[in-house]
Amino acid sequence: MSEIEIGRGKRGRRAYTFDDIAVVPSRRTRDPEDVSIGWQIDAYHFELPVLGAPMDSVVSPATAIQMGQLGGLGVLDLEGLWTRYEDPTQALSRIAELPPEETTSAMRELYSAPIRPELITQRLREIREAGVTVAGALSPQRTQQFWKVVVDAGVDLFVIRGTTVSAEHVSGRAEPLNLKRFIYELDVPVIVGGAGTYTAALHLMRTGAAGVLVGFGGGSTHRTRVTLGIHTPAASAIADVAAARRDYLDESGGRYVHVIADGGMSVSGEVVKAIACGADAVMLGAALARAAEAPGKGFHWGSEAHHVELPRGERVDVGTVGTLQEVLTGPAVGADGTTNLMGALRRAMATTGYTDLKEFQRVEVVVAPYGEH
């Protein structure tokens, strides 16, 4: 693979964002009604290839239930306000009303309340009683502390999500989470990430994970490139991890690990490109935070925004564009790609002649930076 000389002592590979690429139509078109966008991970089938990101501005127990009823999967943040407060509505309203200069300190204060195991149980039970698939997320740092509570509460899919998750974390201070042993001993499928490279993803797949999250998540709220100098251009990252999935399929004798694009997709065209680059499904944050039912009330933030020592994110005003149903399945209320995300995916697949997601991963793409002709 060609590299670019940055200077005499450093070379780098060219990587691409969604804005750098475009999907190319083929010789055949289809009727959108003939297109299937369903997908399955482990024993769980979903009509929509969408996971709601485990962020307090996106998923509450109520929106997780609604997402499940619409055909997707809402993943509840089990370290968020919903497991720290009996009724977090006042805290959510306060965050939405904060002036920008006060958000970091005020959010640090709100998130300093301890996580209560009984609330983890209560929230997951509430989702389960609605009859939808139950998914909850912990960070790698909290997984050892709370995993048993989560599993005992009856979670269907366990998500371990961090800015960057590796299969081999080295620490001189404490025994780190052994992902391979943890997943092997667990009775529920695990989705883990984020990963941004072929090698990191391959190692995560070897732990026994059912799915790997690609990216840092929280693309709209992250400032990791500014604070740490770290960035994984989404199109290249997904394509790299899809290659790891292919190679691991051969290495393992047929074990398929799902690739889930996480972060950096705020409009429908980016969802389309994520699938085209090799993703099986997408995890959405800002795109769903724009729904009228979203707990963030038109604002969006991740756990990085209230980090105790080094905030790497912020609260952003994403506005409200329609109901959750309008955002996901329409009808669209405008032509800006913020509503009817799944209708746009279905239309793009039909326009390029593909009838299911696995086929669409083979669609031709070209490098065509936005704004260039």
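Further up the page is the structure itself.
All figures in this text were calculated on a predicted structure; none of them were measured in a lab.

What am I meant to see in the overall build of the protein here?
In terms of regular secondary structure, the protein is built from 14 helices and 16 strands. Over its C-alpha trace the protein gives a radius of gyration of 20 Å, about what one expects of a compact globule, namely 21 Å for 373 residues. Dimensions of the protein, computed from the C-alpha atoms along their principal axes, are close to 55 × 50 × 45 Å. In the protein, buried positions account for 53% of the 373 residues. Look at the contacts in the protein between residues 6 or more apart in sequence, and 67% of them connect residues 24 or more apart.

Please explain helix α7 (residues 198-205) as it appears in this structure.
Three or four residues apart is the spacing at which side chains of an α-helix point the same way, because the helix has 3.6 residues per turn. Buried residues of α7: Ala 201, Leu 202, Leu 204 and Met 205, and no others. For α7, the angular spread of the buried residues around the axis is 160°, confining them to a single face. Where α7 is buried, its residues meet α6 (179-185), β10 (190-195), β11 (211-214), α9 (234-251) and β12 (258-262).

Before we go on, may I ask you to explain a nonpolar patch on the surface in this structure?
Together, Leu 228, Ile 230 and Leu 310 give the surface a local cluster of nonpolar side chains, amounting to about 230 Å² of exposed area. Under the relative-accessibility criterion, Leu 310 is labelled partly exposed at 38%.

Would you mind showing me how to read the environment of Tyr 370 here?
Relative to the helices and strands, Tyr 370 resides in the segment after β16 (365-367). In this structure Tyr 370 comes out as exposed when scored by relative accessible area, which is 77%. Between the C-alpha atoms of Tyr 370 and Asp 20, which are 350 residues apart in sequence, the distance is 6.1 Å.

Got a minute to help me understand the packing of aromatic side chains in this structure?
Both the distance between ring centres and the angle between the ring planes are used here to describe each pair of aromatic rings. Within the structure shown, the criterion is met by 4 aromatic pairs. Their ring planes at 85° and their centres at 5.8 Å tell us that Trp 147 and Phe 182 sit as a pair that is edge-to-face. In this pair, Trp 147 is assigned in helix α5 (residues 140-152) and Phe 182 in helix α6, connecting sequence segments 35 residues apart. Taking the relative accessible area as the measure of exposure, Phe 182 reaches 9% and is therefore buried. Both rings, one in Tyr 354 and one in Phe 360, keep their centres 5.9 Å apart while their planes meet at 70°; by these two values the pair is edge-to-face. When sorted by exposure, Tyr 354 lands in the same class as Phe 360, which is buried. Site record: aromatic cluster; members linked through ring pairs are Trp 147, Phe 158 and Phe 182.

I would appreciate a short explanation of unusual backbone geometry in the present structure.
Most peptide bonds are trans, and most residues other than glycine sit at a negative phi. Gly 193 connects to Gly 194 through a cis peptide bond whose omega is 20°. Of the consecutive residues Gly 330 and Pro 331, the connecting peptide bond is found in the cis state with omega at 5°. By the secondary structure assignment, Pro 331 is in the loop between α12 (324-329) and α13 (341-352). Of note, the phi angle at Asp 42 is positive, near 55°, even though the residue is not glycine. The topology assignment puts Asp 42 in the loop between β4 (39-41) and β5 (44-46). For Lys 297, which is not glycine, the phi dihedral falls at a positive 55°. Position of Lys 297 relative to the elements: it lies in the loop between α11 (286-289) and β14 (299-300). For Lys 297, a relative accessible area of 48% gives the class partly exposed.

Looking at this structure, how should I read the pairing of strand β8 (residues 135-138)?
Residues in a regular strand point their side chains to alternate faces of the sheet. Side-chain alternation along β8 places Ala 135 and Ala 137 on one buried face and Gly 136 and Leu 138 on a second face that is also buried. Pairing of β8 with strand β9 (residues 157-161) involves 4 bridges; the strand directions are parallel. By the bridge assignment, Gly 136 is partnered in β9 with Phe 158.

Cut-offs used in this document
Residues numbered from 1 in each chain as written. Predicted model: local features only at pLDDT ≥ 70, side-chain atom pairs only at ≥ 80, totals over all residues. Heavy atoms only, no water. Helix = DSSP H or I, 4+ residues; strand = E, 2+ residues; numbered from the N terminus. Rg over C-alpha atoms; globule rule 2.2 N^0.38 Å. Buried < 20%, exposed > 50% of the residue type's maximum accessible area, 1.4 Å probe, protein only. Contact = heavy atoms within 4.5 Å. Arc of directions from axis to C-beta. Patch = residues over 30% accessible without salt bridge, like charges linked within 9 Å, V, L, I, M, F, W, Y side chains within 5 Å. Areas by Shrake-Rupley, 256 points an atom, 1.4 Å probe, with all protein chains shown as cover. Salt bridge = Lys/Arg side-chain N within 4 Å of Asp/Glu carboxyl O. Phe/Tyr/Trp six-rings, centres within 6.5 Å; stacked < 30°, edge-to-face > 60°. Pairing = 2+ DSSP bridges.

Bear in mind that shape data such as this cannot, by itself, settle questions of function.
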